[in-house]
Amino acid sequence: MSDQIDSAASYYHRALTAVDEFGLQKTELPYSIFIELSNVYSNNEQPHTALFYLNKAKPYISDEIDLIPLYENFSTNYVMAGDFQKAKAYADRGLLLLAKYKLSVYEMVRSTLHFRLGQAEALHNLWKSAIAHHLQAAAEDDRQPVPGQLPEIYVSLARVYYLSGDAHKASATIAKLLRSAQRNEIDHHTLNAAYNLMCRLYTGPLQDYRMAYHYKALASRLADSLHLTSRQKLINELEVKYRTSEKDKEISRKQAFLIKKDIAIAKEQLSSSRQRSWILTITLAAFLLICLIIIILMKHQAASRIHKKSVEMMKRENEVNVLRSRIAGEEKERQRLAKDLHDGVVVLFSSIKMRVEKWRKDPLSSADLSWVTHRMEDAIRELKISSNNLMPHRLHENGLVKAIEDFCLILRQGTALDIVFQRTEVFPRLNVELELFIYRIIQELLQNIMKHAEATKVLLQMSCRNHLLSVTVEDNGKGFDLSATRAQGSGLNNIWERLAALGGQWDINSNAQGTTIHIEIEMTRPYG
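Please read all numbers here as calculations on a predicted model, not as lab measurements.

What follows deals with the packing of helix α2 (residues 29-43) against helix α3 (residues 47-57). Helix-helix packing is described using two parameters, namely the angle between the two axes and the distance between the axes. It is at 8 Å that the axes of α2 and α3 come closest, and there the two elements cross at 165°. Between α2 and α3, the crossing angle belongs to the class labelled roughly antiparallel. The way α2 lies across α3 gives a crossing that is left-handed. For the pair α2 and α3, the contacting residues are Tyr-31, Phe-34, Ile-35, Leu-37, Ser-38, Tyr-41 and Ser-42 in the first and Thr-49, Ala-50, Tyr-53, Leu-54, Lys-56 and Ala-57 in the second.

The next thing to look at is the pairing of strand β5 (residues 514-522). Sheet analysis places strand β3 (residues 468-475) next to β5, joined by eight bridges and oriented antiparallel. By the bridge assignment, Thr-472 is partnered in β5 with His-518. Pairing of strand β4 (residues 505-511) with β5 involves seven bridges; the strand directions are antiparallel. Its bridge partner being in β5, Asp-507 is matched across the sheet by His-518. Taking the residues between adjacent antiparallel strands as the criterion, β4 and β5 are bridged by two residues.

Bringing the packing of aromatic side chains into the picture now. Inspection of every chain in the model, using the stated rule, returns 11 aromatic pairs. For the pair Tyr-41 and Tyr-53, a centre-to-centre distance of 5.9 Å together with 10° between the ring planes defines the contact as stacked. Taken together, the residues span a long stretch of sequence, with Tyr-41 in helix α2 and Tyr-53 in helix α3 at a distance of 12 residues. Considered together, Tyr-41 and Tyr-53 belong to a single accessibility category, that of buried residues. Ring centres of Phe-52 and Tyr-53 lie 5.1 Å apart, and the angle between their planes is 80°; on these two criteria the pair is classed as edge-to-face.

One turn of an α-helix holds 3.6 residues; hence residues three or four places apart share an orientation. A rise of 1.5 Å per residue sets the reference length of helix α7 (residues 127-143), with its 17 residues, at 24 Å; its end C-alpha atoms lie 25 Å apart and thus fit the reference within 8%. For α7, the set of buried residues is Ala-130, Ile-131, His-133, His-134, Ala-137, Ala-138, Glu-140 and Asp-141.

To continue, consider a nonpolar patch on the surface. A grouping of Leu-289, Leu-292, Ile-293, Ile-296 and Leu-297 is seen on the molecular surface, where their side chains present a nonpolar patch of about 460 Å² in accessible area. Tracing the backbone shows Leu-292 in helix α12 (residues 272-359). For Leu-292, a relative accessible area of 46% gives the class partly exposed.

Two elements, strand β1 (residues 418-423) and strand β2 (residues 457-465), share six bridges in a ladder whose sense is parallel. Its bridge partner lying in β2, Arg-423 is registered against Met-462. Crossover β1 to β2 through helix α16 (residues 432-453) is left-handed. Here β2 runs beside β3; their pairing, made up of eight bridges, is antiparallel. Each residue of the ladder has a partner; that of Ser-463, found in β3, is Ser-470. Here β2 folds back onto β3, and the loop between the two strands holds two residues, one of which, Asn-466, carries a positive phi near 50°.

About the thresholds
All residue numbers refer to positions counted from 1 along the written sequence of the respective chain. Only residues with pLDDT of at least 70 get local features here, since the model is predicted, and only at 80 or more are side-chain atom pairs given and counted; chain-wide, interface and lining totals rely on the full set of residues. Water and hydrogen atoms were dropped before computing side-chain values, which therefore reflect all heavy atoms in the structure. All axes are obtained by fitting lines to C-alpha atoms, using only the stretch in contact for helices, and the reported angles, taken between N-to-C directions, cover 0 to 180 degrees. Numbering goes from the N terminus for both helices and strands, where a helix is a DSSP run of H or I of at least four residues and a strand is a run of E of at least two. Each angle receives one of four descriptions, namely roughly parallel if under 35 degrees, roughly antiparallel if over 145, roughly perpendicular if within 65 to 115, and oblique otherwise. Left-handed describes a crossing whose near helix is turned anticlockwise from the far helix by less than a right angle; the clockwise case is right-handed. Any two residues having at least one pair of non-hydrogen atoms within 4.5 Å are treated as being in contact. Think of it this way: DSSP has to see at least two bridges between two strands before they count as a pair. Centres within 6.5 Å make a pair out of two Phe, Tyr or Trp rings, where for Trp the six-membered ring is used; the pair is then stacked when the planes are under 30 degrees apart, edge-to-face when over 60, and tilted otherwise. With a 1.4 Å probe rolled over the protein chains alone, any residue whose accessible area is under 20% of its type maximum counts as buried; one over 50% counts as exposed, and the rest are partly exposed. In a helix, the anticipated span is given by 1.5 Å times the number of residues less one. Each patch groups residues whose relative accessible area exceeds 30% and which form no salt bridge, using 9 Å between like charges and 5 Å between nonpolar side chains of Val, Leu, Ile, Met, Phe, Trp and Tyr. We get accessible surface area from the Shrake-Rupley algorithm with a probe of 1.4 Å; when it comes to residues, only the shown protein chains can shield them. Whenever a carboxyl oxygen of Asp or Glu lies within 4 Å of a side-chain nitrogen of Lys or Arg, that contact is scored as a salt bridge. When the strands point away from the viewer, a crossover counts as right-handed if the path from the first strand over the helix to the second runs clockwise.

Here it is as structure tokens:
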């Protein structure tokens, strides 16, 4: 793609050189060339370069009416660049000119300008006015259609609804687009954005995981299709380059043959002294050429070695990060176990020891014996809990699901937390280390809720379908600031680093009404 951009840009720069050579600076050609250069970079998501050439084109406009499409281009690229103020300013200027001149030839620009205004205001969370401009853009597009723009407007409007907190209108907008007559006009990238937005809606506020899975599957299939199309295009380009290279080699062979033939003729015509001079010259040239080839090969080999070392270093750094995460998790688990033993079992045994010391002086009563028996039972129960946290025997004997059910039961009995555990009916046994890893994640998340969230209810969901393991934990607690938690180096960071190393994905949504954490791991990857 970069080669294509450079190639297109080079042709337009040659055209600018020709304009200078033939004295055509006062014609419309420079303006047209700068506009085309801007479009090349804008279409390839390079807004700053596109804005550079739009500013180059601006001095060549003599009629105020022609500023309307130019302002549209400025607004579009400032939206891409994330500059809210300038995008809005140029869109407002364009709409004022449209209202002033009322030219039908530029009426379709009105839809685009409202669209850019809506996008610009959404950048600064001005949801009400952003929605109004999106709706106005859709209405204008119905009257004067801009090819392929209406689907983009609907997807952008749905995203604004979603970000403003109106999930139902967001899903209704996407559904309307997918049912509309423009369904077949939606380009693949816009359609993929629509599918992914619906997946986020049903995963988050709408809470319909079946529909979320449906749209996630549609997005995945579309992404695969786009990947295949891109791959085929790349193969075709490589094939063209290969054929061109073969032709160049054939030309080189023919040229080499002609050179040899010329040398042979020259040898026949020249005298023996001049013949020796030519041979010496050719030998020197060949020697220099061989030296040049050797130098190029050596540089190429050196670059390859450097690249290989770089890849190896990155791999080692990744392995070190995984090991560091694992060590940190194990160290935290040891500290937690030591604290549990110190605060629970050690205290119980100390109180028992003190009571036994008392018996040396006073006779043993039935109440004393009952008290010691109960304290021993408490100590045994504490030891079982600590043992279960360290390595739950149910995990090895009955699998992940049964171990989590037992853990949730222990928390319900020992705390006021209402934990609901839901899973798919058929849940296969997994790799032993992966089961332990998932168990530790859920254990860490539930313990964090108990310690920090001030929640009363927790919903834990697990599913394993089509080689995809999903875990969702929701609570009605007070939420937390994710950026501050990461900066403090909390226990969650160890989970995310290990998940990243295993190729897992996660999503966190936390606010004052509660927290939702969703984790996905592909079962086809190797673990351990």
